[in-house]
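# Descriptive analysis of the structure
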Amino acid sequence: MTDGFMGPPWQADWRIDALVTFEALPDKFREVALAARAELVTAKDPYFRGIDADTELPEGMSVRPVRSTDPKGRHVCFFDNGYGWLKYSFVHRTEDPQVVIEEVFWQEADPLPPTPRPAAE
């Protein structure tokens, strides 16, 4: 047993409904979601608090609180340039701290480019 607060890597757990959604994702995006999860469990502070605290995240990934008035509450880790996200909370216990992933979402990017507007005559 260790004395004091444990640090990363944190334990991670998935709510059953989030895990079902995750497993239904296409393989490519499951890998992207797992990369986002890996960033959360290895971060010194999984809530990425402070100014520019999430600048070390890979490109296309960011973390924000669900409610700005609750900085220690649920957070959202956006991945794939905002097309997907993991909603999670961090249980900050002394003996068994963990990240709990509560929701997974991914929306495939629109494969068609926007249609240009016709020129005004």
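What counts and what doesn't
- Residues numbered from 1 in each chain as written.
- Predicted model: local features only at pLDDT ≥ 70, side-chain atom pairs only at ≥ 80, totals over all residues.
- Heavy atoms only, no water.
- Helix = DSSP H or I, 4+ residues; strand = E, 2+ residues; numbered from the N terminus.
- Buried < 20%, exposed > 50% of the residue type's maximum accessible area, 1.4 Å probe, protein only.
- Contact = heavy atoms within 4.5 Å.
- Areas by Shrake-Rupley, 256 points an atom, 1.4 Å probe, with all protein chains shown as cover.
- Salt bridge = Lys/Arg side-chain N within 4 Å of Asp/Glu carboxyl O.
- Expected span 1.5 Å × (residues − 1).
- Arc of directions from axis to C-beta.
- Phe/Tyr/Trp six-rings, centres within 6.5 Å; stacked < 30°, edge-to-face > 60°.

## Concerning the overall build of the protein
Regarding its fold elements, the protein presents two helices and five strands. Going from the N terminus to the C terminus, the protein shows its helices and strands as β-α-α-β-β-β-β. In the protein, buried positions account for 31% of the 121 residues. Considering only residue pairs separated by 6 or more positions, the protein has 48% of its internal contacts joining residues 24 or more positions apart. A total accessible area of about 8400 Å² is found for the protein, and carbon and sulfur atoms account for 52% of it.

## Topic: the pattern of salt bridges
This structure, assessed with the given rule, holds five salt bridges. Notably, a salt bridge pairs R15 with D17, separated by 2.7 Å at the nearest N-O pair. R49 serves as the salt-bridge partner of D45, at 3.1 Å between the closest nitrogen and oxygen. By relative accessible area, D45 is classed as partly exposed at 22%.

## Looking at helix α2 (residues 27-42)
With 16 residues, α2 should cover 22 Å at 1.5 Å per step; its first-to-last C-alpha distance of 23 Å lies within 8% of that length. Along α2, the residues classified as buried are F29, A33, A36, L40 and V41. Seen end-on, α2 carries its buried residues on one side only, within an arc spanning 135°. Facing away from the buried side of α2, by more than 90 degrees, are the exposed residues D27, K28 and E31. Where α2 is buried, its residues contact β1 (11-14), α1 (16-24), β2 (62-65), β3 (75-79), β4 (84-91) and β5 (98-106).

## Quick word on the packing of aromatic side chains
Within the structure shown, the criterion is met by seven aromatic pairs. Ring geometry for F29 versus W106: centroids 3.7 Å apart, planes at 25°, classification stacked. Here F29 is found in helix α2, whereas its partner W106 is found in strand β5, with 77 residues between them in sequence. F29 sits in the buried class, given a relative accessible area of 12%. You can call W106 buried: its relative accessible area is 15%. Aromatic rings pair up to connect W10, Y47, Y88 and F90 into one cluster.

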